Amino acid sequence: MSGRAARLRGGGTHSLTPAFTLAEVLITLGIIGVVAAVTMQSLITNYQKKVAAAKLKKVYSVISQAIEHAEIDNGPMSEWSMNKPIYDQSLGQVWYKTNLEYLLPHLDGAVMKYSIYPKNLAYGNSAIIKNLAGNSVNSPLARYFIVTKDGMFISIEHINWIDIVPYFNVDINGKNGPNTWGKDIFSFQVANKKKLTGFNFGNASYEQILNGSCSKNYTDRNNTCSTLIIQDGWEIKYPW
């Protein structure tokens, strides 16, 4: 009996019910799988962005409060070693150490570490530190850096040699990945030598940062991404 006859065996004038071939079923399942994978990845990425933004907001608050309390004990931040010129390596290390030591007592449970090669001490391998383009970049840590009780790394650096503009680098989850600028490593600039802001030494516009130093086309540290996050109300909206 043919397949057609078998389907009509029930008699009567019932219309034929079309059957799917195996190829059609497999194609349909493949499409469903692709859509599900894309949707799942989007959900995971959005979740990761929310977690990163929340942790970054927390460390921003922690550093800001530590600065306020340290100023009560040590006077205005501008009178620490913030405005001292740095001409040699030894004086540079004093600068790093002094400013972090002022903050350390006001970071509950934090400890300070030191290494000539902190990128190795902190991460094990400096090559794992990436930017949004996926390229290896320099370590975000100076020789002195703070490890908070919840595992965040905080270091301090500066722009210029004489008119020093300090800024903090933070890794919101320490050694844990992805160890990438703009994903879990960020910078906060000390504006007017007191208030923390997003890193934006060049005073670039939102669009300039989005399409430039906080994009996947940028070849160096994406440390201006913090500016976009703050302007977006502590949300991460840029592609990563």
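Keep in mind that this is a model prediction, so the values were computed, not measured.

1. Some words on the overall build of the chain
Okay, so step 1: Secondary structure assignment for the chain yields six helices and six strands.
Okay, so step 2: For the chain, the α and β elements follow one another from N to C terminus as α-α-α-β-α-β-β-β-β-β-α-α.
Okay, so step 3: For the chain, the residues scored as buried account for 41% of the 240 residues in total.
Okay, so step 4: Total accessible area computed for the chain in this model is approximately 13,400 Å², and 56% of it derives from carbon and sulfur atoms.

2. A few points about the packing of aromatic side chains
Okay, so step 1: If you walk through the whole model with that rule in mind, you get four aromatic pairs.
Okay, so step 2: Ring centres of Tyr 167 and Phe 199 lie 4.9 Å apart, and the angle between their planes is 70°; this geometry places the pair in the edge-to-face category. Of the two residues, Tyr 167 sits in strand β4 (residues 165-171) while Phe 199 sits in the loop between β6 (195-198) and α5 (206-211), which places them 32 residues apart along the sequence. This pair shows no difference in class: Tyr 167 is buried, exactly as Phe 199 is.

3. As for the sheet that holds β4
Okay, so step 1: The strand order across the open sheet built from six strands is β1-β2-β3-β4-β5-β6, with neighbouring strands paired in antiparallel fashion. Both edges of this open sheet fall to β1 (111-114) and β6, since each of them pairs with a single strand only. Pairs of neighbouring strands in the sheet enclose a mean axial angle of 35°, with direction left out of account.
Okay, so step 2: As judged from the seven bridges shared by strand β3 (residues 153-159) and β4, these two strands associate in the antiparallel manner. Looking at the pairing, Ile 154 lines up with Val 170 of β4.
Okay, so step 3: Contacts from helix α2 (residues 22-74) reach β3, β4, β5 (185-191) and β6, with the element oriented near 135° to β4.

4. Considering the state of the cysteines
What makes a disulfide is a covalent bond joining the sulfur atoms belonging to two cysteines.
Okay, so step 1: Applying the stated rule across the entire model yields one disulfide.
Okay, so step 2: Each sulfur of the disulfide joining Cys 214 and Cys 225 lies 2.0 Å from the other. Because the sign of the S-S torsion sets the handedness, a value of about 110° for the bond joining Cys 214 and Cys 225 places this disulfide among the right-handed ones. With Cys 214 in the loop between α5 and α6 (225-231) and Cys 225 in helix α6, the pair connects residues that are eleven residues apart, well separated along the chain.
Okay, so step 3: Given the relative accessible area of 0%, Cys 214 is considered buried.

5. Structural notes on the pattern of salt bridges
Okay, so step 1: Applying the stated rule across the entire model yields four salt bridges.
Okay, so step 2: For Lys 97, the salt bridge is made with Glu 101, and the minimal N-O distance between the two is 2.4 Å. With Lys 97 and Glu 101 both in helix α3 (residues 89-103) and four residues apart, the pair spans about one turn of that helix.
Okay, so step 3: Among the salt bridges present, the one from Glu 157 reaches Arg 221, with a minimum N-O distance of 3.2 Å. In this pair, Glu 157 is assigned in strand β3 and Arg 221 in the loop between α5 and α6, connecting sequence segments 64 residues apart.
Okay, so step 4: Assessed through its relative accessible area of 14%, Glu 157 is described here as buried.
Okay, so step 5: We classify Arg 221 as buried; its relative accessible area is 14%.

6. Overview of the nonpolar core
Okay, so step 1: With 40 residues, the main nonpolar core has Leu 56, Phe 168 and Tyr 238 as its most contacted residues.
Okay, so step 2: For this core, the leading source of residues is α2, giving nine residues.
Okay, so step 3: For Phe 168, the residues in contact, after removing those within four places along its chain, are Ile 63, Ile 67, Met 77, Leu 103, Ile 154, Ser 155, Ile 156, Phe 186, Ser 187, Phe 188, Val 190 and Leu 196.

7. A few points about the confidence of the model for the chain
Okay, so step 1: The predicted model of the chain averages 81 in pLDDT, with 77% of residues at 70 or higher.
Okay, so step 2: Long-range and interchain partners of residues 3-9, a stretch whose pLDDT sits below 50, account for six contacts in this model, where long-range means more than four residues apart.

So, how was this worked out
- Residues numbered from 1 in each chain as written.
- Predicted model: local features only at pLDDT ≥ 70, side-chain atom pairs only at ≥ 80, totals over all residues.
- Heavy atoms only, no water.
- Helix = DSSP H or I, 4+ residues; strand = E, 2+ residues; numbered from the N terminus.
- Buried < 20%, exposed > 50% of the residue type's maximum accessible area, 1.4 Å probe, protein only.
- Areas by Shrake-Rupley, 256 points an atom, 1.4 Å probe, with all protein chains shown as cover.
- Phe/Tyr/Trp six-rings, centres within 6.5 Å; stacked < 30°, edge-to-face > 60°.
- Pairing = 2+ DSSP bridges.
- Axes fitted to C-alpha atoms, helices over the stretch in contact; angles between N-to-C directions.
- Contact = heavy atoms within 4.5 Å.
- Disulfide = S-S within 2.5 Å.
- Salt bridge = Lys/Arg side-chain N within 4 Å of Asp/Glu carboxyl O.
- Core = buried A, V, L, I, M, F, W, Y, C linked by side-chain atoms within 4.5 Å.
- pLDDT = per-residue confidence, 0-100.

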